[in-house]
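Structural characterization, general
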Amino acid sequence: MALADYAYPTLVFVHLLLFVLWLGADVGVFLLGQHFRKRTVYSLDQRIALLKLLVIVDLTPRAAWALMVPMSLTLSYMGSWWDVWPAMVWISWAIAAFWLWLVFDAHAHDMTPRAARNRKWEGWLRYILCAGYLALGLESVLTGHPIPIGWLAWKALLFGLIFAAAIMIDISFKPVGAQLGQLLSQGSNDETELPLLRTMNRTRIWVWCVYLLLLATAWLGVVKPA
């Protein structure tokens, strides 16, 4: 077996590894969030430490998400699953590199105008990719074009739905910044804790949607139903 013959199966392995990192690290984020909610178990300082750890762990699923875009297109091209333009594959890698820079640069300069700008750009990038995947998947499922293979068309559509659900996570979680500020300034009491708890409960709905959609896309990629 020539060295070049290992390229495609190696990329399949990396694709699987990205899925494991995405879902596994995201479960870690979920569990840290669950423990943050337990104000009768942990002190406020301990809960803030958990929240800081949550933010760091959350970098892993965000990075895996960004890399899934070019990896899926590369696999489609190399596996001849879809006649995607080579230029589109290279452009997707450039987009992923820019996306990763936005994520890690925002983390490195957190709580600054630069981080706010980066997150705004990242938000618009995700909106565009969400619309693109939803349009691509829906058209392919309904017409068989441009993706002629059914399971791959459905996978593209579900990936678009993952974008939509993840966007809703950020939208639902947005009030947490102000609510957390009140918690730190006023201390732990029902007036500061209950609104924060309600926001986290609403966000969890979309988190579960992402988990289910990830499992569905993984099943389609492994089983490849006719």
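Up top is the structure these notes are about.
Residues numbered from 1 in each chain as written. Predicted model: local features only at pLDDT ≥ 70, side-chain atom pairs only at ≥ 80, totals over all residues. Heavy atoms only, no water.

**Some points on the environment of Asp83**
Among the secondary structure elements, Asp83 is positioned in the loop between helix H3 (59-78) and helix H4 (86-108). For Asp83, a relative accessible area of 72% gives the class exposed. In this structure, the C-alpha to C-alpha distance between Asp83 and Val12, residues 71 residues apart in sequence, is 18 Å. (Helix = DSSP H or I, 4+ residues; strand = E, 2+ residues; numbered from the N terminus. Buried < 20%, exposed > 50% of the residue type's maximum accessible area, 1.4 Å probe, protein only.)

**Concerning the environment of Leu136**
Structurally, Leu136 is set in helix H5 (residues 113-143). When its relative accessible area of 17% is taken as the criterion, Leu136 is described as buried. Along the backbone, Leu136 and Ala153 are 17 residues apart, and their C-alpha atoms lie at a distance of 7.8 Å. Ignoring any residue separated from it by four or fewer positions in sequence, one finds Leu136 in contact with Trp82, Pro146, Ile147 and Ala156. (Contact = heavy atoms within 4.5 Å.)

**Brief notes about the environment of Ile167**
Along the polypeptide, Ile167 turns up in helix H6 (residues 150-173). Placed 40 residues apart in sequence, Ile167 and Tyr127 show a C-alpha to C-alpha distance of 7.9 Å. Other than its neighbours up to four places away in sequence, Ile167 contacts Arg126, Tyr127 and Cys130.

**Some remarks on H3**
The terminal C-alpha atoms of H3 lie 28 Å apart, and with 20 residues this matches the ideal 28 Å at 1.5 Å per residue to within 8%. The axis of H3 is deflected most strongly, by about 35°, at Met68, and proline Pro70 appears within four residues downstream. In terms of residue burial, H3 counts as a mostly covered element, since 14 of its 20 residues are buried. Where H3 ends, the next residue or the one after it, Ser80, has phi of about 55°, a positive value. (Expected span 1.5 Å × (residues − 1). Bend = angle between axes of the 7 residues up to and from the residue.)

**Let's talk about the side chain of His15**
Relative to the elements of secondary structure, His15 occurs in helix H1 (residues 7-36). You can call His15 buried: its relative accessible area is 16%. Setting aside residues no more than four positions away along its own chain, His15 makes contact with Met68, Met71, Leu75 and Lys155.

**Description of H5**
Its 31 residues place the ends of H5 45 Å apart at the C-alpha level, agreeing with the 45 Å of an ideal helix rising 1.5 Å per residue. Positive phi appears at Gly144, one or two residues downstream of H5, with a value of about 75°.

**What about the side chain of Arg47?**
With respect to the secondary-structure elements, Arg47 resides in helix H2 (residues 44-57). A relative accessible area of 2% places Arg47 in the buried class. Residues within four places of Arg47 in sequence aside, it is in contact with Phe36, Lys38, Arg39, Tyr42, Leu183, Ser188 and Glu193.

**Details of the state of the cysteines**
Per the stated rule, a full pass over the model turns up zero disulfides. Free of any disulfide, Cys130 has its nearest cysteine sulfur in Cys209, 13 Å distant. Classification of Cys130 as buried rests on a relative accessible area of 9%. Judged by its relative accessible area of 29%, Cys209 falls in the partly exposed class. (Disulfide = S-S within 2.5 Å.)

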